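Structural overview
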Amino acid sequence: MRIDQLCSFRNDTERDRILSGLRWMGLFSNEPVKVKATPLDTLCGRLKQMMSFEPGEQDLVMLQHTFVVEWEEGHTETFTSTLALKGDPKGYSAMSKSVGVTCGVATQLLLDKHAGFTDPGLLAPYVPEICTPIRVLIEKEGIMMVDKKVSSG
């Protein structure tokens, strides 16, 4: 298969999982597709056709970060920080809520000239002055990470 010439996989399980997803999207199909301006637009059109919600359906956003901390004393601990957010079948999807509320909160903080948002230029939420006020406000909207220690060694 040509994909094996173009890509490398850690193992057969990873290869099978990824190829299964690509097959599900129809990327290996002979079925004609409506070609759009760019390959990405074409793929998005296909996914929109396949993945649009039916009445009463809802989405689920899952995000997990895993951190392994190596302490100076020589031991390690592993922590996870997990977001699980369900969409509302009669309201907003979890994806639109997680993106839209976060963007709206950041925009409001900018408009209000909040201390972390007054520097000129492009700002990224990597410093506490920016990420903390966003986090506090989106948590009030039910969008939050749950932190957990999962192992100690």
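For the structure itself, consult the block above.
Let us look at the structure shown here. What you see is a predicted model, and the numbers here were worked out from it, not measured in a lab.

Conventions adopted
Residues numbered from 1 in each chain as written. Predicted model: local features only at pLDDT ≥ 70, side-chain atom pairs only at ≥ 80, totals over all residues. Heavy atoms only, no water. Helix = DSSP H or I, 4+ residues; strand = E, 2+ residues; numbered from the N terminus. Buried < 20%, exposed > 50% of the residue type's maximum accessible area, 1.4 Å probe, protein only. Expected span 1.5 Å × (residues − 1). Arc of directions from axis to C-beta. Salt bridge = Lys/Arg side-chain N within 4 Å of Asp/Glu carboxyl O.

Mapped onto the secondary structure, Arg135 falls in helix α5 (residues 128-139). Using a relative accessible area of 40% as the deciding quantity, one classes Arg135 as partly exposed. In sequence terms Arg135 and Lys86 are 49 residues apart; their C-alpha atoms lie 18 Å from each other.

Further remarks concern helix α3 (residues 39-51). One turn of the α-helix equals 3.6 residues, which is why residues spaced by three or four share an orientation. Here α3 spans 18 Å end to end across 13 residues, near enough to the 18 Å set by a 1.5 Å rise per residue. Those residues of α3 that fall on the buried side of the exposure criterion are Thr42, Arg46 and Leu47. Each buried residue of α3 sits inside an arc of 130° when the element is viewed along its axis, so together they form one side. For α3, the exposed residues set more than 90 degrees away from the buried face come down to Leu40 and Lys48.

Inspection of every chain in the model, using the stated rule, returns six salt bridges. As a salt-bridge pair, Glu31 and Arg46 come within 3.6 Å of each other at their nearest N and O atoms. In this pair, Glu31 sits in the loop between α2 (12-24) and α3 while Arg46 sits in helix α3, placing the two residues 15 residues apart along the sequence. Looking at Arg46, the relative accessible area reads 17%, which means it is buried. Glu77 serves as the salt-bridge partner of Lys149, at 3.0 Å between the closest nitrogen and oxygen. Of the two residues, Lys149 is situated in strand β3 (residues 146-152) and Glu77 in strand β2 (residues 76-86); the sequence distance between them amounts to 72 residues.

Geometric descriptors of this kind do not, in isolation, establish any biological role.
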